[in-house]
Amino acid sequence: MTAQALVPREKKIAQKRIALTGNHAVALAVKMCRPDVIAAYPITPQTPVVEKLAEYVNNGELDAEYIPVESEHSAMSAVIGASAMGARTFTETSSQGLMHMYENLPIAVGLRLPIVMGVAARTISAPINVWGDYSDVMTMRELGWIIYIVQNAQEAFDTIIQAYRVAEDQRVHLPAVVAYDGFWTSHVLQPLDVPEDEEDVIRFSPITRSWVKLDVDKPLQLGAVGTPEWYWEIRWQAVEALRESLKVIEEIDREFDKWFGRSYGLFDTYRLEDAELAIVTYGSIYGLVKKVVNRLREEGVKAGALRLRVIRPWPGDKLRKALDNIEKVFVIDRAINHGGPLIGPMATEVAATLQRPVYNALATIGMRAIDSDMIYEAAVKVAKGLWAPNQTYTIGLRGGYE
Amino acid sequence: MRIETLWLGRGGQGIVTATYIIANAAVMDGFYAIANPEFGAERRGAPVKAFLTIDKNPIEDLEPIKTPDAVIIFDDKLIDSMRFAIDAVKPGGYVIVNSAKQPEEVRKIVGRNDVYIVVVDAVGIAMKHVGLPVPNGPLAGAFSKVMGFPRLESIKTAFENQLGKAVEENFAATKEAYEVAVVLKPEKVDTSAKPKGVISTTSAFLTGPYELVGWQQVNKGGAVGPGSSLQYLTGGWRIEKPIIDHSKCIMCRKCWLYCPDDAIIEAWREAPGPRGRVFRTKVIDFDYQYCKGCGICAEVCPTGAIQMVREI
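Residues numbered from 1 in each chain as written. Chains lettered and ligands numbered in written order. Predicted model: local features only at pLDDT ≥ 70, side-chain atom pairs only at ≥ 80, totals over all residues. Heavy atoms only, no water.

- For chain B, the name recorded in an unreviewed UniProt entry is pyruvate synthase, with Pyrobaculum islandicum as its organism.
- According to the UniProt record, the Catalytic activity (unreviewed entry) comment for chain B reads "2 oxidized [2Fe-2S]-[ferredoxin] + pyruvate + CoA = 2 reduced [2Fe-2S]-[ferredoxin] + acetyl-CoA + CO2 + H(+)". (UniProt positions renumbered as here; feature names shortened; annotations may be inferred.)

- Identification of chain A as 2-oxoacid oxidoreductase (ferredoxin) from Pyrobaculum islandicum is taken from an unreviewed UniProt entry.
- Quoted verbatim from the Catalytic activity (unreviewed entry) heading of the UniProt record, the comment on chain A is "a 2-oxocarboxylate + 2 oxidized [2Fe-2S]-[ferredoxin] + CoA = an acyl-CoA + 2 reduced [2Fe-2S]-[ferredoxin] + CO2 + H(+)".

In structure tokens form, the structure reads like this:
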């Protein structure tokens, strides 16, 4: 059991700028983290990650066991088994694949296995739609996984590296998922900085193998029956670990900054300090939102923006601090909370956190195109009082509530 | 009127079915009844409890019964491990026991003088009529006798509804138990006295005698260390136990090979030889702490050296 004591470097590590798609950035980060076992089934728009990893293994660039499984259900089973043996593991999926994997997702939590998974976020059937929104990832909120939602290829690359450190931390030992926009991030070629020396990544995120695992020298049984007098206590450890992980996530993000010169925090804010209107969203459309904030500011509307990054564990206290003094909080959700108290899942959680009504609109559902003008118009309606809080609004839906 | 009962037995003895049958029959007789069993993934032989409440008025609360009016025990070997249940019976209540022992001896084991003790050899009766060691039918009969309800005809109809087979055989067993069950009256009853204990609402007794600790102390990820099954003595699960005639045993160890519980052991035995010398020989023996009495050893023994004998 190696300690995770790391000496902060005085000088940041040398990096070079390259251009990659989001998917290939994830694949590269995974390769640099040296997983022992990768199991995945290709499903659009995640396929390039799996293909690239298969290529790395085939070329001998990555010394990992690559298991081409026949479905996501088996992919998660395989990584659970491998992780229970002490292997660093990776899998990736999206949409129906995640749905098919669902049965095994809480098992990784209950067994406290630090599996890292990528999700090129995408909507769910029916009708069949291979395009992007956050319907798949949002279904994972109640399971106990750590959930990151990232903005671009650079952040996807960095967060995969951070996720291994967080998941394998002695205080955490929970699986983590890194989600990014299907197509809008997964297939978009972007510049990003990567370490010149790949060893730096493994030095930052060394494989600890410190979690509870099967070992012939120290025999154990994992996955036994948890009768009513035991289940809750065992599960509660995962609840507490997830709560504890909030601190660890921040700590590792700060340390990442020392090494790589980039950090993201639990959420990202933009011109929020004196804002009267805050636009809250997640994923790649944050760039558009920032542009809208600038435009509104030029017109005299005190606007700001906030991008949710870590949605599990929910950084409630910090969000409250950031948004409490802002009169109008406008959450643009990218997944539908069917029949819920608010039509978007994140709006529901933000409203619960602030304990007051928030404005809510849905956008990008089924990857409906969105531009900054559309967000601007919606924000103006909120600012002018044309839209009411606690109501259902949509951005881009034909005949929708506007 | 509200009668709360607790039925204790082992997986496979028909505890849950017995409560369903009595509830079914009670409903036919115009009562409200709720049979709420509490069990999970128990194996045959593991302790199981079931609750049965009968009332003149509708019942909405599925509350675990803490101080029952009657406890029905399917296996007299459970009395010691389930003493808390016997202690919880209200003074003036009933303890109905399936046992082949003499009623006075059962009274001594139960150890209470302020409750009715009902003794019936339910396994013997069931073997006679049904041909299976399932004591639930006879115990239903004993229950009907001491409670005065449900009526025997209703129990018969309940058998038809619930089992749909071997109704005559089961009913014959029920009827015989109704007739032969021995009821020992309490020596003195102080109905104002409280029971000695209450039944805990945790189901802890179902799986083992371990210490229940807080979430901070539970093994991470629910990992279970080796040797934990050693603490869990399953020997009490038996209805029949194996005995061996060493003169017939050829030490083929087929029983050892087939035993699912690792309960066949090799032991040293000292026996005098023909000229008075003492020889130490290896013999087959049983670890009765873990033997569940499945009878596989007797079944596979090629020389018939192992016999199963009734224990309760």
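### Considering the interface of chain A and chain B
Phase 1 of the analysis: Each partner contributes residues to the interface: chain A has 20 residues there, and chain B has 19 residues.
Phase 2 of the analysis: Of the roughly 1600 Å² buried at the junction of chain A and chain B (both faces included), carbon and sulfur atoms supply 65%.
Phase 3 of the analysis: The largest contributions to the chain A side of the interface with chain B come from A:Glu229, A:Trp230 and A:Gln237, which together make up 37% of the buried area.
Phase 4 of the analysis: Our enumeration of links across chain A and chain B arrives at zero salt bridges.
Phase 5 of the analysis: At the boundary of chain A with chain B, the tally comes to five residue pairs in polar contact (both at pLDDT 80 or more). (Contact = heavy atoms within 4.5 Å. Buried area = accessible area lost by both parts, 1.4 Å probe. Salt bridge = Lys/Arg side-chain N within 4 Å of Asp/Glu carboxyl O. Polar contact = N/O pair within 3.5 Å; in protein donor to acceptor, adjacent residues only side chain to side chain.)

### Here we look at the domain arrangement of chain B
Residues and elements named next belong to chain B.
Phase 1 of the analysis: Segmenting chain B into domains produces domain 1 (2-203) and domain 2 (233-310).
Phase 2 of the analysis: For domain 1 versus domain 2, the distance between C-alpha centres works out to 35 Å.
Phase 3 of the analysis: Taken together, the contact pairs 14 residues of domain 1 with six residues of domain 2.
Phase 4 of the analysis: Roughly 720 Å² of surface becomes buried between domain 1 and domain 2 when both sides are summed, with 53% attributable to carbon and sulfur atoms.
Phase 5 of the analysis: On the domain 1 side of the interface with domain 2, the three residues burying the most area are Arg10, Lys77 and Val123, jointly 44% of the side's total.
Phase 6 of the analysis: Run the count over domain 1 and domain 2 and you get one salt bridge.
Phase 7 of the analysis: Among the ionic pairs, aspartate 121 bridges to arginine 310, the shortest N-O distance being 2.7 Å.
Phase 8 of the analysis: Connecting domain 1 to domain 2 are two residue pairs in polar contact (both at pLDDT 80 or more).
Phase 9 of the analysis: Here the side of domain 1 that touches domain 2 is built from residues that sort into five nonpolar, three polar and six charged. (Domains from an automatic or database assignment. Nonpolar A, V, L, I, M, F, W, Y, C, P; charged D, E, K, R; others polar.)

### What about the nonpolar core?
Phase 1 of the analysis: Ranked by size, the top nonpolar core spans 111 residues in total, and within it A:Leu53, A:Phe90, A:Met117, A:Trp145 and A:Leu323 carry the most contacts.
Phase 2 of the analysis: The residues contacting A:Leu53, other than those within four sequence positions of it, are A:Ala27, A:Val30, A:Lys31, A:Ile38, A:Leu62, A:Tyr66 and A:Phe90. (Core = buried A, V, L, I, M, F, W, Y, C linked by side-chain atoms within 4.5 Å. Buried < 20%, exposed > 50% of the residue type's maximum accessible area, 1.4 Å probe, protein only.)

### Examining the packing of aromatic side chains
Residue and element names in this part refer to chain A.
Phase 1 of the analysis: If you walk through the whole model with that rule in mind, you get 13 aromatic pairs over all chains.
Phase 2 of the analysis: Measuring from ring centre to ring centre gives 5.4 Å for phenylalanine 204 and phenylalanine 256, while their planes differ by 80 degrees; the resulting arrangement is edge-to-face. With phenylalanine 204 in helix α8 (residues 199-204) and phenylalanine 256 in helix α9 (residues 231-260), the pair connects residues that are 52 residues apart, well separated along the chain.
Phase 3 of the analysis: For phenylalanine 204, a relative accessible area of 0% puts it in the buried group. (Phe/Tyr/Trp six-rings, centres within 6.5 Å; stacked < 30°, edge-to-face > 60°. Helix = DSSP H or I, 4+ residues; strand = E, 2+ residues; numbered from the N terminus.)

### A look at the pattern of salt bridges
Phase 1 of the analysis: Summed over the entire model, instances satisfying the criterion amount to 44 salt bridges over all chains.
Phase 2 of the analysis: Of the charged contacts in the structure, one is a salt bridge between A:Lys31 and A:Glu61, with a shortest N-O distance of 3.3 Å. Of this pair, A:Lys31 sits in helix α1 (residues 22-32) while A:Glu61 sits in the loop between α2 (47-59) and β3 (65-68); the two residues are 30 residues apart in sequence, bridging distant segments of the chain.
Phase 3 of the analysis: Assessed through its relative accessible area of 6%, A:Lys31 is described here as buried.
Phase 4 of the analysis: For A:Glu61, a relative accessible area of 42% gives the class partly exposed.
Phase 5 of the analysis: The partner of B:Glu168 in a salt bridge is B:Lys156, and the shortest N-O contact between them spans 3.2 Å. Here B:Glu168 is found in helix α8 (residues 167-180), whereas its partner B:Lys156 is found in helix α7 (residues 152-162), with twelve residues between them in sequence.

### Considerations on the sheet that holds strand β7 (residues 182-184) of chain B
All names here are of chain B.
Phase 1 of the analysis: Taken in spatial order, the seven strands line up as β2-β3-β1-β4-β5-β6-β7 in an open sheet, and their pairing is mixed. Each edge of the open sheet is held by one strand with a lone partner, namely β2 (32-38) and β7. Taking the axes of each pair of neighbouring strands and ignoring which way they run, one obtains an average angle of 15 degrees across the sheet.
Phase 2 of the analysis: Most of the contacts of helix α1 (residues 15-28) go to strand β3 (residues 47-55), to which it runs at about 10 degrees, and overall it touches β1 (2-10), β2 and β3. (Pairing = 2+ DSSP bridges. Axes fitted to C-alpha atoms, helices over the stretch in contact; angles between N-to-C directions.)

### Describing the packing of α1(A) against α2(A)
Residue and element names in this part refer to chain A.
Phase 1 of the analysis: Packing of α1 against α2 leaves a shortest axis separation of 8 Å and a crossing angle of 40 degrees. Between α1 and α2, the angle is such that the two are oblique. Both α1 and α2 take part in a crossing whose hand is right-handed. From α1, Asn23, His24, Val26, Ala27, Leu28, Val30 and Lys31 reach across to α2, where they touch Pro48, Val49, Lys52, Leu53 and Tyr56.
Phase 2 of the analysis: Tallied by class, the residues present in the contact of α1 with α2 amount to eight nonpolar, two polar and two charged. (Parallel < 35°, antiparallel > 145°, perpendicular 65-115°, else oblique. Left-handed = near helix turned anticlockwise from the far one by under 90°.)

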